[in-house]
Amino acid sequence: MDTTGSPVHLSSPESLARWSRRPVCPTVADEVWTPAASIWWAASGQWPRDYRALAIDPSVFTESELAKVLVRYGAPLALLAHWPELEAVLRYVLEAPAESRPSALDLVQHLCALRV
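Below or above, wherever it landed, is the structure these notes cover. The structure presented is a predicted model; accordingly, all values stated were derived computationally and were not measured.

Here is what the cut-offs are and how they apply
- Residues numbered from 1 in each chain as written.
- Predicted model: local features only at pLDDT ≥ 70, side-chain atom pairs only at ≥ 80, totals over all residues.
- Heavy atoms only, no water.
- Axes fitted to C-alpha atoms, helices over the stretch in contact; angles between N-to-C directions.
- Helix = DSSP H or I, 4+ residues; strand = E, 2+ residues; numbered from the N terminus.
- Parallel < 35°, antiparallel > 145°, perpendicular 65-115°, else oblique.
- Left-handed = near helix turned anticlockwise from the far one by under 90°.
- Contact = heavy atoms within 4.5 Å.
- Nonpolar A, V, L, I, M, F, W, Y, C, P; charged D, E, K, R; others polar.
- Salt bridge = Lys/Arg side-chain N within 4 Å of Asp/Glu carboxyl O.
- Buried < 20%, exposed > 50% of the residue type's maximum accessible area, 1.4 Å probe, protein only.

Interaxial distance between helix H2 (residues 28-44) and helix H4 (residues 84-94) falls to 9 Å at its minimum, and their mutual angle equals 150 degrees. Looking at the two axes, H2 sits roughly antiparallel to H4. Between H2 and H4 lies a crossing of left-handed hand. Only Leu 86, Glu 87, Leu 90, Arg 91, Val 93 and Leu 94 of H4 make contact with H2, whose side of the interface consists of Val 32, Trp 33, Ala 36, Ala 37, Ile 39, Trp 40 and Ala 43. Grouping the amino acids of the contact of H2 with H4 by side-chain chemistry returns 11 nonpolar, no polar and two charged.

Spelled out as structure tokens, the structure:
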């Protein structure tokens with residue numbers, strides 16, 4: 001299996017750009033993107049990337065092929081319409097450039113501030 005350790009759907013954009021290099025060395029920025037993407041998935045049952053906006057079905061690609069598509073074309077984030085407060089917190093992390101991405105502690109603090 002050709003993998004970086006997490007599914008393509010939960011890998012940061014910069015991690016996907018390094019997909020073919022071995023060994024895979026995740027950065028601190030990668031390490032906060034993946035939990036934020038995982039929370040999105042858990043809250044919605046959908047991947048955080050909007051594959052429909054690219055007009056693709058991710059299930060027809062291997063992980064390597066999908067990683068290449070995402071690196072080449074990118075993919076906007078989907079919507080988490082049923083919980084806009086959570087969506088705002090997760091977008092805060094998922095849309096930030098790697099060099100200015102919030103820390104895992106920032107993510108946790110923002111999540112704890114949500115009223116459930």
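A side chain with one charge may pair with a side chain of the opposite charge, provided their charged atoms come close. Applying the stated criterion across every chain, the model contains five salt bridges. Close ionic contact of Asp 30 with Arg 18 constitutes a salt bridge, the shortest N to O distance being 2.2 Å. A residue pair is termed long-range when its members are at least 10 positions apart, and Asp 30 in helix H2 and Arg 18 in the loop between helix H1 (13-17) and H2 qualify at 12 residues. The buried category is assigned to Asp 30, whose relative accessible area is 4%. Relative accessible area serves as the criterion here: at 17%, Arg 18 is assigned to the buried category.

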